[in-house]
Amino acid sequence: MNPIWMNQLSWIDYEARIQRDHPTVFLPIGALEQHGPHLPLGTDGLLSAAVAFDTARLVDGLVAPTLSYGYKSQPKCGGGQHFCGTTSVDAATLIGSVRDAVREFARHGLTQLVLVNGHYENQWFLIEGIDLGLRDLGADCKLKVMRLEYWDFLTEATLADVFPNGFPGFALEHAAVIETSMMLHYHPNLVRTDLIPDEPPADFPPYDVYPTKKNWVPLSGVLSSAKGSTAEKGAVMAKELATRMAAAVADAFI
Ligand code: ZN
Ligand code: MN
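Nothing here was measured: the structure is a model prediction, and the numbers come from that model.

A few words on the nonpolar core. Counting residues in each nonpolar core, the largest one holds 37 residues, and the members touching the most others are Tyr150 and Met182. Elements with a minimum of two residues in this core: helix H2 (43-59), strand E3 (112-117), strand E4 (144-149), helix H6 (156-162), helix H7 (177-186) and helix H8 (231-252). In this structure, Tyr150 is in contact with Leu47, Ser48, Val51, Val116, Asn117, Gly118, Glu179, Met182, Leu241 and Met245, ignoring residues within four places of it in sequence. The next biggest cluster of nonpolar side chains, apart from the first, holds 26 residues, and it includes Leu27, Leu94, Ala101 and Leu126.

Those protein atoms acting as donors to the manganese ion (ligand 2) are Glu33 (OE), Asp44 (OD) and His119 (ND1), and they sit at 2.0 to 2.3 Å. One chain supplies every donor for the manganese ion (ligand 2), spaced along it as E-x10-D-x74-H. Here the manganese ion (ligand 2) and the zinc ion (ligand 1) are spaced 3.4 Å apart, and both take Asp44 as a donor. You can see Glu33 sitting in the loop between strand E1 (24-29) and H2 and its partner His119 sitting in the loop between E3 and helix H5 (123-137), a full 86 residues away along the chain.

The complete set of buried residues in helix H1 (residues 11-21) reads Tyr14, Arg17 and Ile18. With its buried residues spanning 95° around the axis, H1 presents them on a single face. Relative to its buried face, H1 has exposed residues pointing more than 90 degrees away, namely Gln19 and Arg20. Elements in contact with the buried residues of H1: strand E2 (62-63) and helix H4 (91-107). Just downstream of H1, His22 is the residue with a positive phi angle, here 45°.

Throughout the structure, instances matching the rule amount to 11 salt bridges. A salt bridge links Arg20 to Asp21; the shortest N-O distance between them is 2.9 Å. Residue classification places Arg20 among the exposed positions, given a relative accessible area of 53%. Classification of Asp21 as partly exposed rests on a relative accessible area of 30%. Taking the shortest distance from any N to any O, the salt bridge between Arg103 and Asp100 comes out at 3.2 Å. One end of the pair is Arg103 and the other is Asp100, both in helix H4 and three residues apart, which spans about a single turn. Note on Arg103: relative accessible area 32%, which makes it partly exposed. With relative accessibility at 37%, the residue Asp100 sits in the partly exposed group. Connected through salt bridges with shared partners, the residues Arg17, Arg20, Asp21 and Asp60 form a single ionic network.

Further remarks concern empty space enclosed by the protein. For the structure on display, the rule yields one cavity of 30 Å³ or more. Looking at the largest cavity, it is lined by 17 residues, and the ones nearest its centre are Trp151, Phe170, Glu173, His174 and Glu179. For the lining of the largest cavity, the elements supplying multiple residues, two or more each, are helix H3 (75-78) and H7.

Bringing the sheet that holds E3 into the picture now. In space, the four strands of this open sheet follow the order E2-E1-E3-E4, with parallel pairing throughout. Bordering the open sheet on either side are E2 and E4, each of which pairs with just one other strand.

Thresholds applied
- Residues numbered from 1 in each chain as written.
- Chains lettered and ligands numbered in written order.
- Predicted model: local features only at pLDDT ≥ 70, side-chain atom pairs only at ≥ 80, totals over all residues.
- Heavy atoms only, no water.
- Core = buried A, V, L, I, M, F, W, Y, C linked by side-chain atoms within 4.5 Å.
- Buried < 20%, exposed > 50% of the residue type's maximum accessible area, 1.4 Å probe, protein only.
- Helix = DSSP H or I, 4+ residues; strand = E, 2+ residues; numbered from the N terminus.
- Contact = heavy atoms within 4.5 Å.
- Donors = N, O, S within 2.8 Å, 3.2 Å for Na, K, Ca; no water.
- Arc of directions from axis to C-beta.
- Salt bridge = Lys/Arg side-chain N within 4 Å of Asp/Glu carboxyl O.
- 1 Å grid on protein atoms, 1.4 Å probe; cavity = no way out; pocket = protein on both sides within 12 Å on 5 of 7 lines; lining within 4 Å.
- Points joined across faces, edges and corners; volume = space filled by probe spheres on them.
- Pairing = 2+ DSSP bridges.

See below:
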């Protein structure tokens, strides 16, 4: 099997691989953000990298180092910026990082780049970075870019199994059953199952206010309960994600 982590290759081996195999390169994107008392700050990037790695293995691709700082945490999907440890960047910074990455990967001769997003708040700034990067490169550019949020590849049937009492939606899933189960699968030694809070789901009004109100957000930072998380659920989701993302990659670059 070919090596998968780009940062473990020499430039000579990387160049040969690009020229010989035209591999798909995956760029995981995360955040440094509170994930309750039971998960580490780097959860979003750890999961996007793990899912990217499993997908790359199926399509003989490469995985670039994770962009590990994300856009500002929002109360309704990440708890907000008031937690110690949450370390975010301005939109312009994230857009600029993605724009630079697109331009640099195109310069290497890459033709297929996949941005694997693991942090809800990043989405539109990734789109902007891709758009500006491709605009910089011009019409002759051979690089094609795919962008995805990995959780969108979970099927309704799997969500029904993972949430026997009903799925609360991806926004409230912050540090809850999906992320906790997937961390139990990929990084069990980083999960403190003894500290999982058991609170009712956060209940937000249909508007935002600025400055944000801390008292809208549970003190733990968890937006819906992570009780019921298991490594087995994580394994089922991880397998489904990699399989379906690999199929999508094959489709997207035809
Ligand atoms: Zn997360
Ligand atoms: Mn996040």
